[in-house]
Amino acid sequence: MKSQNTILTAILTLSLLFGTASVSQAQTESTETNNNFAHLEQPLHLKILVTLGGLGLIGAEVWWFLFSKTKSQKAITNQGIQELEIIVDGGYKPHRVVVQAAQPVRLIFFRKDPSSCLEKVLLPDFYKALDLELNQRTSVEFTPTEAGEYTFHCGMNMFRGVVEVQESNQKNA
Ligand SMILES: [Cu+2]
């Protein structure tokens, strides 16, 4: 429900923005015909600048995705449980968690972000759903049986993280 509302709001905001843009465009055009301000059109270098800015943003985003993928963190085993704290603040930090298979895992979500988007975290592969209280730590425990990559995400699937389960290398430990 909430997600639908958010999407609706986003669409409304966008259409408002476009609406405003076309109105100002129309005004510009009428000014052009009425007065002698012939050069109201934006100069070419400005257009290039805007285009380059956009490309730069796209590049930054791609770079962030590639770079952030390497930002993984290994869980530390404490009394037989692999434990790791994940800060929930504009996403999950770290958003890639490395654990060993066949050993209990405890993830502690520390929510610092008031946005309702992040109030829930779901780990569908482990059948877990958590409600996160603001400025509190909420933990979840599960034991991954097979190596692989398992995603966790917020209620609307906008923010995601990965639990990377590695083949257990200390079976007799
Ligand atoms: Cu969300």
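Residues numbered from 1 in each chain as written. Predicted model: local features only at pLDDT ≥ 70, side-chain atom pairs only at ≥ 80, totals over all residues.

## Focus on the overall build of the chain
Here comes step 1: Secondary structure assignment for the chain yields 2 helices and 11 strands.
Here comes step 2: Helices (α) and strands (β) of the chain occur, in sequence order from the N terminus, as α-α-β-β-β-β-β-β-β-β-β-β-β.
Here comes step 3: Taken over 173 residues, the chain has a buried fraction of 12%.
Here comes step 4: Across the chain, the fraction of contacts at a sequence separation of at least 24, relative to all contacts at a separation of at least 6, is 52%. (Helix = DSSP H or I, 4+ residues; strand = E, 2+ residues; numbered from the N terminus. Buried ≥ 20, exposed ≤ 12 C-beta atoms within 10 Å, placed from the backbone. Contact = placed C-beta atoms within 7 Å.)

## Considerations on the sheet that holds strand β10 (residues 148-154)
Here comes step 1: Ordered by their spatial adjacency, 6 strands build an open sheet running β1-β5-β11-β10-β7-β8, and the pairing between neighbours is mixed. Of all strands in the sheet, those with a lone pairing partner are β1 (72-74) and β8 (128-131), marking the two edges. On average, each strand axis in the sheet is inclined to that of its neighbour by 20°, with strand direction left out of account.
Here comes step 2: Relative to β8, strand β7 (residues 120-123) runs antiparallel, the two sharing 4 bridges. Paired with V121 across the two strands is L130, which belongs to β8. (Pairing = 2+ DSSP bridges. Axes fitted to C-alpha atoms, helices over the stretch in contact; angles between N-to-C directions.)

## Some points on the environment of L123
Here comes step 1: Mapping L123 onto the fold places it in strand β7.
Here comes step 2: C-beta crowding within 10 Å serves as the criterion here: with 18 such atoms nearby, L123 is assigned to the partly exposed category.
Here comes step 3: Taking the C-alpha atoms as reference points, L123 and C154, separated by 31 residues in sequence, lie 9.1 Å from one another.
Here comes step 4: Apart from residues no more than four positions distant in its own chain, L123 is found in contact with K128, V140 and F152.

## Let's talk about unusual backbone geometry
Here comes step 1: Residue P94 is bonded to the preceding K93 through a cis peptide linkage, with omega at -5°.
Here comes step 2: Look at Q79: it is not a glycine, yet its phi comes out positive at around 55°.
Here comes step 3: Turning to its location among the elements, Q79 is positioned in the loop between β2 (76-78) and β3 (81-88).
Here comes step 4: The phi dihedral of N157 falls on the positive side, at around 65°, and the residue is not glycine.

## What about the pairing of β10?
Here comes step 1: As judged from the 2 bridges shared by β7 and β10, these two strands associate in the antiparallel manner. Paired with V121 across the strands is C154, a residue of β10.
Here comes step 2: Bridge count between β10 and strand β11 (residues 160-166): 6 bridges; the pairing is antiparallel. Bridged to E149 within β11 is E164.

## A word on the nonpolar core
Here comes step 1: I86, V88 and F109 are the most contacted members of the largest nonpolar core, which totals 15 residues.
Here comes step 2: Contributions of two or more residues to this core are made by β3, β5 (96-100), β6 (105-111), β10 and β11.
Here comes step 3: With 3 residues, β6 is the largest single contributor of residues to this core.
Here comes step 4: Once you skip the residues sitting within four places of it in the chain, F109 turns out to touch I86, V88, V121, L130, L132, R137 and T138. (Core = buried A, V, L, I, M, F, W, Y, C linked by C-beta atoms within 7 Å.)

These figures capture arrangement, not role.
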